Each structure stands twice: as C-alpha cells, then as structure tokens.
Amino acid sequence: MQMTFRWYGKNDPVTLEKIRQIPGVTGIVSAIYDVPVGEAWSLERIMQLKKEVEDAGLTLSVIESVPVHEDIKMGCGDRDRYIENYCTTLKNLAKAGIDCVCYNFMPVFDWTRSDLAHKLPDGSNALIYDDETVKKMNPLSGDLSLPGWDASYTKDDMRSLLEKYRSITEEDLWNNLKYFLDRVIKVAEEVKVKMAIHPDDPPWSIFGLPRIITNKKNIERFLKLYDSKYNGLTLCSGSLGVDAKNDIPDIIRTFCDRIHFAHIRNVKITGEHCFEEAAHKTDAGSLDIFEIIKAYHDCGFDGYIRPDHGRMIWGETGRPGYGLYDRALGAVYINGIWEALERS
Ligand code: DNO
C-alpha cells in the first residue's frame, strides 16, 4: 500500500512541506478546485499540480475528486456533454500518470455534519452529526455552510435543484449511475485509470434526497452495474461505519479486489443516526481500526490509503476535519499497525 495525505492546494494551511515531514507519507491526494463542475481539466493544469507536488518531494497519487455534475446524477439536461468532458479529464489525468480517481454520486450535498467544531471532553474538537439538528437545518436558508458543499450554489440554484430532485427516486439514481458508468468506465479501462466511488456520508437519505452507496448489498449492486476492475471503490470506514449494521472488515474482505483507495477514520456512534468523529485509535471510537487494517493486510491490499478526518487538537485551527496534527497521528498509527502485521 502507499500512505497518502489529502492536500487542498496552494490555499491549504497544511503545506506540502509539512506533509513531507510526516513519517511514512509519500503520496498526495488532491484535485483542481477552480474548474467549474462539469468542465474538462486541461493537461496543462494537471501537469502544473503534479509538478508542484513533485517539487516538494512527494508523488501525486490520487485525484479526490473529479466531481460529477448534477445533470448526470439527475439524468437530464446536458449530461452527455458533461460525461464527454469527464472522459476528457480522465484521459488527461492518465497522460499525467494518474491511475486512481475518487468521486461520489451523492445528490447536491457531499458529506454533511450538524456541527463542525464540537468540543470533546479532552479539549479537542471534532465534527459531529446529530439527527435532530440536521432535520431542523434548512438548506435554503442561505446561511448554512458545510465543508463538502459546492459553495458556488446561490439560494436560487439550490431551490431549483432540490425542486428537480423531488421526482428522482433511488431507482432513478441507480439508472443514472449506470448510464454514467457505461460511458466512463469504458474510457477508464482504455486509459487504465481506476475509478473509485466514495460511499455516501452519512449513508442515509438527508433532506429527502436519495442516497444509494450505503451498505454491503448496495455496494455489490454497484459493482455489478459494470463488472470491471476499473469500476471500483474508495472504501471509507468512517462513512459506512456510522451505521452499526455495516461490518467494515467484512466489506473489505468481500470486495478487496475492487477497492483502490482506503479512507481510514474512526467514529463514535452516540445514538440512532448520531455520531462524533473520533481519533483514529481503535479505543477512541466504535470501529475496530486494527481489524480494518488487518483485513486490508490479509487481502494483500496494494492500493492507496489515507488517514481521513482528524479532530482539531493542540489549538490548531483550519479546514474542518483536515488539520495537520490529528491526521498525521492517524497516518503514523496506521503505518505502525501495518508494520507490525508485515513483521508478524
Ligand atoms: C470528505 C471526503 C469527501 C470525498 C468525496 C469524494 O472528507 O471524504 O468529501 O472527498 O465525497 O467524492
């Protein structure tokens, strides 16, 4: 496996120079953030990003994410043109030597939390999700800002999007995903880029919108939509793991040959549809991180791994979930378990 770390580009307070000093981290996970969703990424811009990462002594390993335009998820409007652009981006990424791309198929909202800086008893703070609070949140109020949301939506865009989604069922979303895969995976196979869908976070419907990449059964259905190694997974332990019915080590062992990218994160389930993000260490949360890493190790996993969200500790401020310290501790912890498994 290769240990990687997410970097948000030039404006990220966690610089490449700092990342380089984390023991065992050699790869960078990043993206181009200023190309509007749906437009193709030029080879020139991709090469610029790659050079910047390489100049810092690191490798550009995974693209997270190439976002999917809402017209594709809704199966309407300009979806064919956006799919065409998506394929152009994949071809350009392949020319730059990238072989793994993460994306998701969540309508409108990416990862969602009710509080981005919940104070924990040890004085650190973490992202949490409280069902009651989310149910009271109004995405149309205009004053909500969550890290995974496309900040370019105006209130009117949001209203019309939510309106359009009203008639879209889970089955429609499955069909639209299949339409996308049938066109994109063919190209991914040609250029040898492994596509890795990220599960829905949290893995249940929010704001009445359909969500489908939520559990083992649905992952199996997803993989069968297009049966190819290039149609694969980003297995995010924290996203799926907030549903206690999802047995993460079992999911890893079942689908290992289709997992290209592993996100490792612990979460503490605090109630029905309620959770807190936790430090990576097993005893900090509800997930058995040792068993998760062991499942990857037993399967001979040779893809990319990254520590996922961290808490804010030692007074650090910055992008919620993506500070330096707690994620660096996570990387070292995962590497420690891996080394012990390798040697035993
Ligand atoms: C959150 C991330 C997600 C992820 C996308 C992938 O921290 O795991 O935002 O990048 O869902 O497309």
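Just above, that's the structure.
Residues numbered from 1 in each chain as written. Predicted model: local features only at pLDDT ≥ 70, side-chain atom pairs only at ≥ 80, totals over all residues. Heavy atoms only, no water.

**Notes on the sheet that holds strand β3 (residues 59–64)**
Remark on secondary structure: sheet strands pair via backbone hydrogen bonds, oriented parallel or antiparallel.
Logical step 1: Read once around its circumference, the closed barrel built from eight strands follows the order β1-β2-β3-β4-β7-β8-β9-β12, with strand pairing classed as parallel. Each adjacent strand pair in this sheet contributes to an overall mean axis angle of 30 degrees, direction not counted.
Logical step 2: Pairing between strand β1 (residues 2–6) and strand β2 (residues 27–30): three bridges, direction parallel. Looking across to β2, one finds that Arg 6 is bridged to Val 29.
Logical step 3: Running over the sheet, helix α4 (residues 79–95) touches β3, β4 (100–104) and β7 (194–198) and is turned about 150 degrees from β4.
Logical step 4: Set on the sheet, helix α11 (residues 289–298) makes contact with β8 (231–236) and β9 (259–264); between it and β9 the angle comes to about 165 degrees. (Pairing = 2+ DSSP bridges. Helix = DSSP H or I, 4+ residues; strand = E, 2+ residues; numbered from the N terminus. Axes fitted to C-alpha atoms, helices over the stretch in contact; angles between N-to-C directions. Contact = heavy atoms within 4.5 Å.)

**Some points on the packing of aromatic side chains**
Logical step 1: All told, the structure shown has 12 aromatic pairs when counted by the stated rule.
Logical step 2: Ring geometry for Trp 111 and Tyr 322: centres 6.3 Å apart, planes at 85 degrees, overall edge-to-face. With Trp 111 in the loop between β4 and β5 (115–119) and Tyr 322 in the loop between β12 (304–307) and α12 (325–343), this residue pair connects regions lying 211 residues apart in the sequence. Across this residue pair, the class does not change: Trp 111 and Tyr 322 are buried.
Logical step 3: Aromatic side chains Tyr 129 and Trp 204 sit 5.5 Å apart centroid to centroid with 70 degrees between the ring planes, which places their arrangement in the edge-to-face category. (Phe/Tyr/Trp six-rings, centres within 6.5 Å; stacked < 30°, edge-to-face > 60°. Buried < 20%, exposed > 50% of the residue type's maximum accessible area, 1.4 Å probe, protein only.)

**Some points on unusual backbone geometry**
Logical step 1: With omega at 0 degrees, the peptide bond leading from Glu 64 into Ser 65 counts as cis.
Logical step 2: With respect to the element layout, Ser 65 can be found in the loop between β3 and α3 (70–74).
Logical step 3: In this structure, Val 108 is a non-glycine residue whose phi angle is positive, near 60 degrees.
Logical step 4: With respect to the secondary-structure elements, Val 108 resides in the loop between β4 and β5.

**Things to note about the packing of helix α10 (residues 248–255) against α11**
Logical step 1: In the contact formed by α10 and α11, the axes pass within 8 Å of each other and the chain directions differ by 10 degrees. Between α10 and α11, the interaxial angle falls into the category roughly parallel. Contacts between α10 and α11 involve Ile 248, Pro 249, Ile 252 and Arg 253 from the former and Glu 291, Ile 292, Lys 294, Ala 295, Tyr 296 and Asp 298 from the latter.
Logical step 2: Counted by class, the contact of α10 with α11 contains six nonpolar, no polar and four charged residues. (Parallel < 35°, antiparallel > 145°, perpendicular 65-115°, else oblique. Nonpolar A, V, L, I, M, F, W, Y, C, P; charged D, E, K, R; others polar.)

**Re the environment of Glu 39**
Logical step 1: Within the secondary structure, Glu 39 sits in the loop between β2 and α2 (43–55).
Logical step 2: The exposure class of Glu 39 is partly exposed, given its relative accessible area of 34%.
Logical step 3: Placed 50 residues apart in sequence, Glu 39 and Thr 89 show a C-alpha to C-alpha distance of 8.5 Å.
Logical step 4: Ignoring sequence-local partners within four residues, the contact set of Glu 39 consists of Arg 81, Tyr 82, Asn 85 and Thr 89.

Shape is all these values report; function is a separate question.
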